[in-house]
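# A closer look at the structure
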Amino acid sequence: MFSISLSPIFPAPGVVSGLPGLDRVQTLPTAPEKAKELADALELAKVPPSSFSNVVETVSASLVNIWDGFLGHIPFFIASVLMLLLTWVIATIAGKFTRRFAKKTTQRPSLQDLLVRLTKIFIWLLGLLFTAMVLFPGLTPAKALGGLGLLSVAVGLAFKDMFENFFAGILILWRFPFEAGDVIKCENVHGRVEAVEVRNTTIRRTTGELVIVPNLFLFKNPCEILTDRNKRRITIIAGVAYGEDLSAAVDIIEQAVSGCKTVRDDEPIQIFPQGFGDSSIDIEVTWWAGSTPLEERRSRGEVVTAVKKALDDAGIEIPFPYRTLTFKEPLPIVGDPGCE
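## Regarding the sheet that holds strand E8 (residues 281-289)
Pairing is antiparallel across the open sheet formed by three strands, whose spatial order is E6-E8-E7. Every interior strand has two partners, whereas the edge strands, strand E6 (232-240) and strand E7 (270-276), have only one. Direction aside, neighbouring strands of the sheet carry axes that sit 25° apart on average. Judged from the six bridges that link them, E7 and E8 form a sheet pairing that is antiparallel. Residue pairing across strands places Phe 272 opposite Glu 284, the latter belonging to E8. On the sheet, helix H7 (residues 246-258) packs against E6, E7 and E8 and is oriented at approximately 20° with respect to E8. Each of E6 and E8 is contacted by helix H8 (residues 293-313), which is oriented at about 25° to E6, the strand it contacts most.

What follows is the structure, given as structure tokens:
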């Protein structure tokens, strides 16, 4: 007789039969943190509270969590404020040292102001970067610079004209020769420069109005700097009758202009007959005087007065416009029949 022993169909717990090399499978215990997260997820997945008291409790718990987070972030906020104050102190001190250095390097006040502004802007950018890193501990310099790059692109597209005027102002302050106090003329703007700023230039017209001109306008258009030198050449046209001696008139005009106080003696006086006018021989009178608008008007008035007086004293006629009417047919003159 044969005896057959049968093993149980299901193996004992923890034992896997029939698999070579595997005698036992150990079950890994669940981490307590994972279990807590799973429990919280299950709680959130439940049906929202239906009673008003549950809603109030939920809102109150959220507000408490926000307040606790705010209180926990107060030290970072205080540290960021201190960082801003430190940045302000450093920027002020660096600006003073930069101005001293700029005064030794250049005599142009606008260029000195530009160097001081650029130094302060650079320090403030670094200070704001470090302040953001202190206020948000998870922020790294790479992330901050990346976000700053995206922000600069967006701001540049949104404020294109503003940045164009800003860079034009930097170029004007760096290279252009006019300063506050100079008289310039650009298109229809003519006046004295009161201030050259990074974005705008304020100009006081000779009639008294204040004009705020974008720097891009001055940078793109031809700009005449009338007071770049302390002297300007002024020209007027004088006329004498056709019957007068032209050479004598030129000599008389030259003597009259030479005797004027506002005419500079370091530059030559140039007087040339220019052409044949409708009623007179036109004479071009050119001399040098001060460059400001007031000096130019004063010298022009003195020269015109002196030339008129000299020609009158010499008996040389300054003619009025003559008009000669010519008729194709003889024009009969009909008198009053009652007159004899």
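## So, the pairing of E8
On a regular strand, one side chain projects to one face of the sheet and the next to the other, so that they alternate. With respect to burial, E8 is a largely interior element, seven of its nine residues being buried. The pairing of E6 with E8 spans nine bridges and is classified as antiparallel. Across the sheet, residue Gly 239 finds its bridge partner in E8, namely Asp 282. Linkage of E7 to E8, two consecutive antiparallel strands, is achieved through a turn of four residues.

## A look at the confidence of the model for the chain
Overall, the prediction assigns the chain a mean pLDDT of 77, with 72% of residues at 70 or greater. For the chain, per-element mean pLDDT is lowest for helix H4 (residues 141-158), which scores 58, and highest for E8, which scores 94. Scored below 50 in pLDDT, residues 1-29 shows 10 contacts in the model against residues more than four places distant or in partner chains.

The rules behind these values
- Residues numbered from 1 in each chain as written.
- Predicted model: local features only at pLDDT ≥ 70, side-chain atom pairs only at ≥ 80, totals over all residues.
- Heavy atoms only, no water.
- Pairing = 2+ DSSP bridges.
- Helix = DSSP H or I, 4+ residues; strand = E, 2+ residues; numbered from the N terminus.
- Axes fitted to C-alpha atoms, helices over the stretch in contact; angles between N-to-C directions.
- Contact = heavy atoms within 4.5 Å.
- Buried < 20%, exposed > 50% of the residue type's maximum accessible area, 1.4 Å probe, protein only.
- pLDDT = per-residue confidence, 0-100.

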